[in-house]
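The lines below spell out each chain.
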Amino acid sequence: MKFEKLLIKSVDDSLKDTFGETAAEIIYKHLERKHSLKQEEIPKKLEVFTEGLEEFLSSGATVVEGMVLEKLCSNLGIERPSEALSNFVGCVTKLKKTY
């Protein structure tokens, strides 16, 4: 599976596992309405995704980002890097380069 698809699946699984199907859809609608970001565009617009998530979830966004990284690394079959929580976008970009 391509990295982008694994990232989208990791985001989707994390949101649904944490908030449930309905709330995840509300978050996606917020991202699309307020940030013109569709679910399939998340891999190409990670900064917009993190901004929208932080706007919607405030400090809870960091928890979701951690869960996304955990699932992504699991899907890639690697351990999550220790610096993952300090820079979500940088960590995902680094993982993409090594994948």
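Residues numbered from 1 in each chain as written. Predicted model: local features only at pLDDT ≥ 70, side-chain atom pairs only at ≥ 80, totals over all residues. Heavy atoms only, no water.

Q: Which residues make up unusual backbone geometry, and what values do they have?
A: Positive phi is not limited to glycine here, since Ser36 has a value of about 50°. Tracing the chain through its elements places Ser36 in the loop between α2 (21-35) and α3 (46-57). With a phi close to 60°, Ser58 is a non-glycine residue in the positive phi region. Examined against the element boundaries, Ser58 turns out to sit in the loop between α3 and α4 (60-76). For Ser58, a relative accessible area of 52% corresponds to the exposed category. (Helix = DSSP H or I, 4+ residues; strand = E, 2+ residues; numbered from the N terminus. Buried < 20%, exposed > 50% of the residue type's maximum accessible area, 1.4 Å probe, protein only.)

Q: Could you give an account of the environment of Lys38, naming the residues involved and the relevant values?
A: Mapped onto the elements of the fold, Lys38 is located in the loop between α2 and α3. Residue classification places Lys38 among the partly exposed residues on the basis of a relative accessible area of 38%. As for Lys38 and Ile27, which are separated by 11 residues in sequence, their C-alpha atoms are 11 Å apart.

Q: Quick rundown of the pattern of salt bridges? Include the residues and the values.
A: Counted according to the given criterion, the structure contains seven salt bridges. Taking the shortest distance from any N to any O, the salt bridge between Glu4 and Lys96 comes out at 2.8 Å. You can see Glu4 sitting in helix α1 (residues 3-19) and its partner Lys96 sitting in helix α5 (residues 88-98), a full 92 residues away along the chain. The class for Glu4 is buried, based on a relative accessible area of 17%. Owing to a relative accessible area of 42%, Lys96 belongs among the partly exposed residues under this scheme. For Lys71, the salt bridge is made with Asp17, and the minimal N-O distance between the two is 2.8 Å. A residue pair is termed long-range when its members are at least 10 positions apart, and Lys71 in helix α4 and Asp17 in helix α1 qualify at 54 residues. Using a relative accessible area of 25% as the deciding quantity, one classes Lys71 as partly exposed. (Salt bridge = Lys/Arg side-chain N within 4 Å of Asp/Glu carboxyl O.)

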